[in-house]
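Residue-level structure breakdown
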Amino acid sequence: MSFQSRHFINFANLKQDDILFLFDKAAKLEPHYKYQNKNACLLFFEPSTRTQISFELAVKDCGMQSVIFNPETSSLKKGETVLDTLLNLQALGFDLFVIRHGYPDENLNDLSKEIKVPIINAGEGVSGHPSQALLDCYTIQKERKKLEGEKVLFVGDIKHSRVVQSNIELMKMLGVNMAFCAPDSFLPRGYENIRTFDSLEEGMEWATVLMFLRTQLERHADFNPAIEAYTHAPHKVDKEAFVKKYSLTSERLKTWKKDGIVMHPGPFNRGIELQSEILNDPRVCILKQVENGRRIRRALVDSIIGDGK
Ligand code: CP
């Protein structure tokens, strides 16, 4: 199995060799502008900075033209479905769709069965963000010089993180060990086999890689943005208590392993999961992740559009 002419929705049907081949390609492939007769449409139904811009650059690096679909000015506003939107764009002759969305009733897996143009999942609700997982694992491999046996500690709002969902899929395939550190209401159900640390200090002692996550208030069923509070007391996570227990401070980082790395998929909240004072620490790889994102997405687009080599 390879990426060529295929949808990339998750890691099903991909093998370790396919991923390592892609990482090798990402390390070597520079902009080549080969596919100048091809067109990509980027459809982002949810906000994005890193993913949308890096895919746009990746597409241009391969010589393709990119068209940005704006849901706000589209016929979705007149009630057209996502499926019908894609069928119409397919009729216009696009060669690639890059899609971020979060409509649970029109998921990418189902849509991909109706659409012939290859679809890349650029982040779907809470269910997955596979290109982010690719760039995360590529960054670990590059910075730590290996993947197998690495120990990744996910810290924070794990339950609402599509990045964690995809990383669990990919890291299992690559032999990476994982653990969680979060308040109970931020822990996902169904992963009882993954070790959970109550204390960040203990988790840090175990981990070689720390991956902090944004608290995704917009996805919390019981969060009321109008009053900036949780409407169901049992699920409430107090912000001050959270920061005290789970935020990365220079004090916590001071005694941590010198060759460990700190990651965050972004966007991060300064003063919540990360304190500004740690951002210049050489172990913090957050902007390297972004840089690697363009490389990984260039290799991914090239693999899907090109001859599979
Ligand atoms: N990591 C990530 O998906 O960031 P954006 O939402 O800015 O694309």
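An account of the accompanying structure is given in this report. Computed from a prediction, not measured in an experiment: that's the story for all the values here.

As for the packing of aromatic side chains
Tallied over the full model, the rule gives 10 aromatic pairs. Aromatic pair Phe3 and Phe8: ring centres 5.7 Å apart, planes at 70°, arrangement edge-to-face. Accessibility expressed as a relative area gives 7% for Phe3, which makes it buried. Ring geometry for Phe8 and Phe11: centres 5.6 Å apart, planes at 75°, overall edge-to-face. Residue Phe8 is classed as buried on the basis of its relative accessible area of 1%. For Phe11, a relative accessible area of 4% corresponds to the buried category. An aromatic cluster of three or more residues is present, and its members are Phe3, Phe8 and Phe11.

Some details on the site of the ligand
Lining the immediate environment of the ligand, one finds Ser48, Thr49, Arg50, Thr51, Arg100, His129, Gln132, Pro265 and Gly266. Between an oxygen atom of the ligand and a side-chain N or O atom of Arg50, the distance comes to 3.0 Å. At a separation of 2.6 Å, an oxygen atom of the ligand approaches a polar side-chain atom of Thr51. When the free accessible area of the ligand is taken as 260 Å², the share hidden by the protein chains comes to 92%. Here the shell around the ligand is composed, by residue class, of one nonpolar, six polar and two charged.

Notes on the side chain of Arg298
When you line up the elements, Arg298 lands in helix 10 (residues 286-305). Those residues in contact with Arg298, other than ones at most four positions away along the chain, are Leu29, Glu30, Pro31, Ala58, Asp61 and Cys62.

Regarding the environment of Leu108
Along the polypeptide, Leu108 turns up in helix 4 (residues 108-114). The class for Leu108 is buried, based on a relative accessible area of 0%. On a C-alpha basis, the gap between Leu108 and Ile119 in space is 8.3 Å, while along the polypeptide they are 11 residues apart. Sequence-distant contacts of Leu108, defined by excluding residues within four places in its chain, comprise Ile9, Ile99, His101, Ile119, Asn121 and Glu124.

Digging into the pairing of strand 2 (residues 65-69)
Relative to strand 2, strand 1 (residues 39-44) runs parallel, the two being bridged by five bridges. Following the sheet pairing, Cys41 is matched in strand 2 by Val67. With helix 2 (residues 50-61) bridging strand 1 and the parallel strand 2, this β-α-β connection has right-handed handedness.

Brief notes about the sheet that holds strand 1
In spatial order, the strands read 2-1-3-4; together these four strands make up an open sheet with parallel pairing. The open sheet is flanked by strand 2 and strand 4 (119-124), the only strands paired with a single partner. On average, each strand axis in the sheet is inclined to that of its neighbour by 15°, with strand direction left out of account. Pairing of strand 3 (residues 96-101) with strand 4 involves four bridges; the strand directions are parallel. Across the sheet, residue Val98 finds its bridge partner in strand 4, namely Ile120.

Some remarks on helix 5 (residues 130-144)
Here helix 5 spans 21 Å end to end across 15 residues, near enough to the 21 Å set by a 1.5 Å rise per residue. Of all 15 residues in helix 5, 12 are buried, a share of seventy percent or more. Of all the positions in helix 5, only Pro130, Ser131, Gln132, Ala133, Leu134, Leu135, Asp136, Cys137, Tyr138, Thr139, Ile140 and Arg144 are classed as buried. Positive backbone phi, approximately 70°, marks Lys145, located one or two places after helix 5.

The rules behind the values
- Residues numbered from 1 in each chain as written.
- Predicted model: local features only at pLDDT ≥ 70, side-chain atom pairs only at ≥ 80, totals over all residues.
- Heavy atoms only, no water.
- Phe/Tyr/Trp six-rings, centres within 6.5 Å; stacked < 30°, edge-to-face > 60°.
- Buried < 20%, exposed > 50% of the residue type's maximum accessible area, 1.4 Å probe, protein only.
- Near = heavy atom within 4 Å.
- Polar contact = N/O pair within 3.5 Å; in protein donor to acceptor, adjacent residues only side chain to side chain.
- Areas by Shrake-Rupley, 256 points an atom, 1.4 Å probe, with all protein chains shown as cover.
- Nonpolar A, V, L, I, M, F, W, Y, C, P; charged D, E, K, R; others polar.
- Helix = DSSP H or I, 4+ residues; strand = E, 2+ residues; numbered from the N terminus.
- Contact = heavy atoms within 4.5 Å.
- Pairing = 2+ DSSP bridges.
- Right-handed = clockwise from strand over helix to strand, strands pointing away.
- Axes fitted to C-alpha atoms, helices over the stretch in contact; angles between N-to-C directions.
- Expected span 1.5 Å × (residues − 1).

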